[in-house]
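Chain residues, written in single-letter form:
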Amino acid sequence: MESLHGLVAQLALVLAVIGAAWTLGLAVARRTGGPMLYGELVWIGLAIAAAGLIGVVIALGASPPRDPLHVLYGLLAAAALPVAALVVRDRPSRQRPAVLAIALLVLLILVVRLFQTGG
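Residues numbered from 1 in each chain as written. Predicted model: local features only at pLDDT ≥ 70, side-chain atom pairs only at ≥ 80, totals over all residues. Heavy atoms only, no water.

1. Description of the layout of surface pockets
Thinking step 1. Taken as a whole, the largest pocket spans an internal volume of roughly 800 Å³.
Thinking step 2. Those elements that place two or more of their residues in the lining of the largest pocket are helix H1 (2-29), helix H2 (35-61), helix H3 (69-88) and helix H4 (96-118).
Thinking step 3. The leading source of residues in the lining of the largest pocket is H2, at 8 residues.
Thinking step 4. Taken together, the residues of the lining of the largest pocket sort by class into 17 nonpolar, 9 polar and 2 charged. (1 Å grid on protein atoms, 1.4 Å probe; cavity = no way out; pocket = protein on both sides within 12 Å on 5 of 7 lines; lining within 4 Å. Points joined across faces, edges and corners; volume = space filled by probe spheres on them. Helix = DSSP H or I, 4+ residues; strand = E, 2+ residues; numbered from the N terminus. Nonpolar A, V, L, I, M, F, W, Y, C, P; charged D, E, K, R; others polar.)

Next up, the structure:
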């Protein structure tokens, strides 16, 4: 189960890197994101949620993470995209990629910290 947790977390990391590069490119080009971008964000959110749910099952069944910060970083990572969605909805469409890029960079930092504290 731990290997599945790690695999899904790696998938979330790869998707977040792709999303961050994509939104940074859109922000620099001053373009808006289309349905494919929002689909990418949904996949990132699903990967984060799946990794989190598997982590909860592992923590309740086998053993909790060695570092309690792992739980904190996991909660923050799970909240990053929903908070960004709340911020983005009131922004003009040209500002949305920049806000999403910042959120995805924060998410990347959190996921890297999750790997460091969960090992």
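Once you've had a look at it, read on.
2. Brief notes about the side chain of Thr23
Thinking step 1. Here Thr23 shows up in helix H1.
Thinking step 2. Overall, Thr23 belongs to the buried group, its relative accessible area being 0%.
Thinking step 3. At a separation of 3.2 Å, a polar atom in the side chain of Thr23 contacts the main-chain carbonyl oxygen of Ala20.
Thinking step 4. Thr23 has contacts with Leu37, Pro97, Leu100, Ala101 and Leu104, leaving out every residue within four places of it along the chain. (Buried < 20%, exposed > 50% of the residue type's maximum accessible area, 1.4 Å probe, protein only. Polar contact = N/O pair within 3.5 Å; in protein donor to acceptor, adjacent residues only side chain to side chain. Contact = heavy atoms within 4.5 Å.)

3. Considerations on the packing of H1 against H4
Thinking step 1. At a minimum axis separation of 8 Å, H1 and H4 run at an interaxial angle of 155 degrees. It follows from the interaxial angle that H1 and H4 lie roughly antiparallel. At the point where H1 passes H4, the crossing takes the left-handed sense. On H4, the residues touching Gly6, Ala9, Gln10, Leu13, Ala16, Val17, Gly19, Ala20, Thr23, Leu24, Leu26 and Ala27 of H1 are Pro97, Ala98, Leu100, Ala101, Leu104, Leu105, Leu107, Leu108, Val111, Val112 and Phe115.
Thinking step 2. When the residues that make up the contact of H1 with H4 are grouped by side-chain class, the tally is 19 nonpolar, 4 polar and no charged. (Axes fitted to C-alpha atoms, helices over the stretch in contact; angles between N-to-C directions. Parallel < 35°, antiparallel > 145°, perpendicular 65-115°, else oblique. Left-handed = near helix turned anticlockwise from the far one by under 90°.)

The values are spatial; any link to function lies outside them.
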